[in-house]
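Here is what each chain is made of, one letter per residue.
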Amino acid sequence: MTRPLLITDCDEVLLYMIGHFCDWLEQDKGVLFDFEKPGFTNSMTRIGSGEKLDEAEMWGLLNAFFDDEMHRQTPVDGAMEAIGAIREHADVVVLTNLMDHRKDARAVQLREFGLDLPIFTNQGPKGPALKAILEEYRPSRAVFVDDLAQHHDSVGDTAPAVHRLHLCAEPRLARFIPCAHEAGHAHARIDRWSEALPWVLARLKGEDEEDTSHNE
């Protein structure tokens, strides 16, 4: 029998990203990122003038961060230890929404923190990419972890048997993003690995408990 499989996102699940991106924007680019503005394309303004950046410049800055500044990223609290524990019972792969040419850089980045994992890059909804991973690995059971609700919706449509955990480790972001559990697209919402690990392990081992939200 094939092993269970964890398919996990990276940014705000394994590595903090948006906080480091904000620091870089402010320090190097003179740009303020406002978490309270709805949507990524409304979040950036020039420090001093308050001028809103146009969409092309916003995406250009995000791409520049992933091209040159990924070294700023740091591990999410408890994530490295949790993945280590999970790998004792299951295979683990990373499904990350980066352009394909950044796949090797992401692999190197995670290896520097002790995680030598297969990397799958994707653009857009993650359901089809996850389905292809399932066809390759043919796991006995599978769990999907991601910080964005739309990906849980997509995975639920294409692979409804997969257990789905909404986890966003960045508190400033977690307050404002739509909750996939409340929307019915994820089985649970848990934003801390200390609480998420038992939930994930139970489902990978087939010891399912009642799916709930563990957030305060």
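Our subject is the structure listed above.
Residues numbered from 1 in each chain as written. Predicted model: local features only at pLDDT ≥ 70, side-chain atom pairs only at ≥ 80, totals over all residues. Heavy atoms only, no water.

Trainee: For this particular structure, what's the right way to read the pattern of salt bridges?
Mentor: Proximity of charged atoms lets side chains of opposite charge pair with each other. Tallying each qualifying case throughout the model produces twelve salt bridges. Where Arg-3 meets Asp-91, a salt bridge forms, and the shortest distance between an N and an O atom there is 3.1 Å. Note that Arg-3 is positioned in the segment before β1 (5-8) and Asp-91 in strand β6 (residues 91-96), a separation of 88 residues in sequence. Several salt bridges converge on common partners, so that one network encompasses Asp-9, Lys-126 and Asp-146. (Salt bridge = Lys/Arg side-chain N within 4 Å of Asp/Glu carboxyl O. Helix = DSSP H or I, 4+ residues; strand = E, 2+ residues; numbered from the N terminus.)

Trainee: Would you explain the packing of helix α3 (residues 79-86) against helix α8 (residues 193-204) in this entry?
Mentor: Describing two packed helices takes the angle between their axes plus the distance from one axis to the other. Relative to each other, α3 and α8 sit at 15°, their axes nearing to 10 Å. When the axes of α3 and α8 are compared, the pair comes out roughly parallel. α8 is crossed by α3, and the crossing has right-handed handedness. Across the interface between the two elements, Ala-79, Ala-82, Ile-83, Ala-85 and Ile-86 of α3 pack against Trp-193, Leu-197, Val-200, Leu-201 and Leu-204 of α8. Classifying every residue of the contact of α3 with α8 by side-chain character gives ten nonpolar, no polar and no charged. (Axes fitted to C-alpha atoms, helices over the stretch in contact; angles between N-to-C directions. Parallel < 35°, antiparallel > 145°, perpendicular 65-115°, else oblique. Left-handed = near helix turned anticlockwise from the far one by under 90°. Contact = heavy atoms within 4.5 Å. Nonpolar A, V, L, I, M, F, W, Y, C, P; charged D, E, K, R; others polar.)

Trainee: Mind showing me how you'd approach unusual backbone geometry here?
Mentor: Among all residues save glycine, negative phi is the norm, and among peptide bonds the norm is trans. Phi at Glu-12 takes a positive value of approximately 70°, unusual for a residue other than glycine. Mapped onto the secondary structure, Glu-12 falls in the loop between β1 and β2 (15-16).

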